[in-house]
Amino acid sequence: MYTNKLSGSIPEEIGNLKLLSELDLSENKFNGSIPLSLANLINLTSLHLFNNSISGSIPPNIGKLKSLFDLDLYANHLIGVIPLSIGNLSNLRTLYLYTNELSGSIPKEIGNLKLLSDLALSENQFNDSIPPSLGNLINLRNLYLSNNSLSGSILSNIGNLKSLLVLDLSINNLSGVIPPTIGNLNNLRTLYMYTNKLSGSIPEEIGNLKLLSEFDLSENQFNGSIPLSLANLINLTILHLFHNSISGSIPPNIGKLKSLFDLDLYANHLSGVIPLSIGNLSNWRTLYLYTNELSGSIPEEIGNLKLLSYLALSKNQFNGSIPLSLGNLINLRNLYLSNNSISGSILSNIGNLKSLLVLDLSINNLSGVIPPTIGNLNNLRTLYLYTNKLSGSIPEEIGNLKLLSELDLSENQFNGSIPLSLANLINLTILHLFNNSISASIPPNIGKLKSLFDLDLYANRLSGVIPLSIGNLSNLRTLYLYTNELSGSIPEEIGNLKLLSDLALSENQFNGAIPLFLGNLINLRNLYLSNNSLSGSIPSNIGNLKCLLVLDLSINNLSGVIPPTIGNLSNLKILRLDKNELFGFISDEIGNLKFPYSLYLCENQLSGSIPLSMGNLSNLTRLSLSNNLLVGYLG
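Because the structure is a prediction, the values reported are computed rather than measured. (Residues numbered from 1 in each chain as written. Predicted model: local features only at pLDDT ≥ 70, side-chain atom pairs only at ≥ 80, totals over all residues. Heavy atoms only, no water.)

S.K.: Teacher, can you tell me more about the sheet that holds strand β33 (residues 439-440) here?
M.R.: Spatially, the four strands line up as an open sheet ordered β33-β35-β37-β39, and their pairing is parallel. Edge positions in the sheet fall to β33 and β39 (509-510), since each has one partner strand and no second. With two bridges joining them, strand β35 (residues 461-464) and strand β37 (residues 485-488) adopt parallel strand pairing. What sits directly across from Gly464, in β37, is Leu486. (Pairing = 2+ DSSP bridges. Helix = DSSP H or I, 4+ residues; strand = E, 2+ residues; numbered from the N terminus.)

S.K.: What's the story with the pairing of strand β8 (residues 101-104) in this structure? I'm lost.
M.R.: If a strand is regular, its side chains alternate between the two faces of the sheet. Side-chain alternation along β8 places Leu102 and Gly104 on a buried face and Glu101 and Ser103 on a face that remains uncovered. Summarising the sheet, strand β6 (residues 79-80) and β8 pair through two bridges and their orientation is parallel. Note that in β8 the partner of Gly80 across the bridge is Leu102. (Buried < 20%, exposed > 50% of the residue type's maximum accessible area, 1.4 Å probe, protein only.)

S.K.: How should I be thinking about the environment of Leu185 in this particular structure?
M.R.: Mapping Leu185 onto the fold places it in the loop between β13 (175-176) and β14 (190-192). For Leu185, the contacting residues outside a window of four places in its chain are Ile158, Gly159, Leu161, Lys162, Leu164, Leu167 and Leu209. (Contact = heavy atoms within 4.5 Å.)

S.K.: Honestly, the environment of Ile234 in this entry has me stumped. Any pointers?
M.R.: Tracing the backbone shows Ile234 in the loop between β17 (221-222) and β18 (238-240). Remark: the alpha-carbon pair of Ile234 and Leu212, spanning 22 residues in sequence, is separated by 8.2 Å.

S.K.: So what exactly am I meant to see when it comes to the pairing of strand β47 (residues 605-608) here?
M.R.: Here β47 shows a clear split, with Leu606 and Gly608 buried on one side and none of Gln605 and Ser607 buried on the other. Pairing between strand β45 (residues 581-585) and β47: three bridges, direction parallel. In the strand pairing of β47, Phe585 is matched with Ser607. Judged from the two bridges that link them, β47 and strand β49 (residues 629-630) form a sheet pairing that is parallel. Note that in β49 the partner of Ser607 across the bridge is Leu629.

S.K.: Sorry if this is basic, but what is going on with the nonpolar core here?
M.R.: One recurring pattern in soluble globular proteins: nonpolar side chains tend to sit buried together. Counting 178 residues, the largest nonpolar core has Ile110, Leu167, Ile302, Ile398 and Ile494 as the members making the most contacts within it. In this structure, Ile494 is in contact with Ile466, Ile470, Leu479, Leu500, Leu503, Phe517 and Leu521, ignoring residues within four places of it in sequence. Core analysis: the next-biggest nonpolar cluster, separate from the first, contains five residues, Phe242, Tyr266, Ala267 and Tyr288 among them. (Core = buried A, V, L, I, M, F, W, Y, C linked by side-chain atoms within 4.5 Å.)

S.K.: In this structure, what is going on with the packing of aromatic side chains? I would like to understand it.
M.R.: This structure, assessed with the given rule, holds 14 aromatic pairs. The interplanar angle of 65 degrees and the centroid separation of 5.8 Å between the aromatic rings of Tyr96 and Tyr98 together place this pair among those described as edge-to-face. Relative to Tyr290, the ring of Tyr266 lies with its centre 4.3 Å away and its plane at 10 degrees, an arrangement referred to as stacked. One end of the pair, Tyr266, is in the loop between β19 (262-264) and β20 (271-272); the other, Tyr290, is in the loop between β21 (286-288) and β22 (293-297), with 24 residues separating them in the sequence. Relative accessible area serves as the criterion here: at 12%, Tyr266 is assigned to the buried category. Residue class for Tyr290 comes out partly exposed when judged on its relative accessible area of 25%. Here the aromatic residues Phe50, Tyr74, Tyr96 and Tyr98 are joined through ring pairs into a cluster of three or more. Here the guanidinium or amino end of Arg285 rests over the ring plane of Phe261, the centre of that ring lying 4.3 Å away. Over the face of the ring belonging to Phe453 we find Arg477, whose NZ or CZ atom lies 4.4 Å from the ring centre. (Phe/Tyr/Trp six-rings, centres within 6.5 Å; stacked < 30°, edge-to-face > 60°. Lys NZ or Arg CZ within 6 Å of the ring centre and 35° of its normal.)

Purely spatial values, then, with no claim about function.
What follows is the structure in structure tokens.
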């Protein structure tokens with residue numbers, strides 16, 4: 001009755017079918033528990049109840065089904081322990097209990113099932129150690145114990161299981177070393193031990209597993225070097241050793257692994273150079289070597305890996321220039337070379353890499369201009385060139401990258417103006433051009449970038465006014481324009497940016513009053529307007545900004561009184577109103593600020609006495625009231 005929409009409990013009456021040989025109710029919607037009466041079906045050879053919602057425990061009398069070949073109860077909600085009577089099922093070939101909520105120890109009685117070929121207990125809550133009796137299962141072909149809480153060491157007699165094709169012990173708490181006897185498993189195709197607490201060196205004996213196709217020891221505590229014997233694994237397609245403490249160099253004979261698709265050695269302590277033999281691995285799709293201590297030049301031979309899709313060499317100590325041969329990798333989708341000491345220019349043939357989705361060359365010593373051919377990368381989503389020594393103008397051709405989501409050219413030496421073509425990048429969410437020498441005005445068509453979350457143009461030489469179209473950027477969270485030469489009034493249209501959390505316009509030449517619309521930005525957390533020529537009074541609706549953590553209006557020409565509504569800013573940590581022309585009394589409401597640790601009101605014309613309510617500001621570490629007209633005494 002498998003693969004229907006049947007529901008309810010399995011009826012006890014099925015136990016009356018004494019001659020039943022095969023029972024398959026899998027892939028339905030059955031719930032309730034497995035009826036004890038099933039133990040009456042002594043002729044049953046196949047019992048399939050998988051992919052239902054069956055709960056309760058496995059019946060303790062399951063051991064009566066001595067004719068059973070195949071027991072598949074996986075993908076249910078079974079709980080409790082595996083009953084010891086399971087060891088009576090001496091004809092069992094397949095035992096699939098994975099993806100349930102079973103717990104306790106794996107019973108040693110499973111070691112009695114001498115004919116067992118497939119054992120899958122993954123994705124349960126088993127604990128304790130792997131029973132040594134599993135080493136008796138000499139006919140076992142597939143052993144899956146992953147995604148449990150098993151502890152202790154890998155069986156020392158694991159080498160007895162010479163029929164094994166798949167050994168998956170991943171995502172447990174296993175510790176200790178890999179026993180050398182693992183080298184006896186000469187039929188093994190898949191070996192997964194990732195995400196455990198295994199340690200010591202990777203044994204040379206693994207090189208005996210000549211048929212091995214997939215090998216994953218990632219996310220453990222292995223140390224020592226990568227054994228040279230791994231080069232014997234000529235059928236290997238996947239080698240994952242990432243997130244360990246492996247040191248030494250990449251084996252020079254790695255080029256023998258010509259079947260390899262995927263090599264992930266990242267997040268170790270590997271040193272030395274990338275061996276030239278790497279260019280022999282013509283089937284490679286993925287090469288992840290990032291976060292190591294590799295050095296020297298990136299070898300030209302990487303350009304031979306024509307099928308390569310993912311290349312990540314970031315966070316190493318590579319120097320020299322980017323090899324021109326990388327321009328041959330026309331299937332490359334992600335290229336990460338960041339956080340190295342790479343110099344020279346960006347490849348002139350970078351435009352050949354038309355499959356690229358991510359290009360990250362950040363935090364290097366690259367110089368020269370961005371080549372116009374970059375405009376050919378019409379699938380690009382992310383372009384990071386920040387923290388280099390790049391110069392010249394930003395090329396208009398960047399405007400061809402219509403799918404671009406993140407563009408960061410910050411911390412370089414770019415000059416010239418922001419190209420108008422950037423307004424074509426309608427999918428852009430992040431635009432970082434800060435810390436350059438970019439001049440002229442902000443493009444008037446900037447308002448077309450309606451997907452923009454984060455606009456950071458600070459620390460440049462931008463001049464002119466903020467364009468009114470900026471009010472169209474309704475998704476904007478961060479607007480940083482500080483340390484430029486912008487002038488004119490702050491436009492009312494900024495009040496349309498209802499999601500804005502950070503607004504920094506400090507160190508410019510803005511004049512006019514602080515616009516009332518700022519009181520509408522109720523999600524604002526940080527507001528910096530210091531070091532301008534703003535005049536007029538502080539708007540009373542500033543008290544609407546109840547999420548504010550920092551309010552900095554210092555070094556302007558503001559006048560009038562401090563509005564009492566400032567006491568509504570209950571989350572404020574820093575308040576800077578110093579170096580203005582504010583007058584009148586400091587209102588008692590300032591004592592309502594619960595968390596401020598910095599309060600600067602100095603160099604104004606404030607008068608009257610210091611309000612007693614200031615004594616409530618128990619978190620205050622910095623208080624400056626100097627250079628005012630305050631009188632009275634300190635209580």
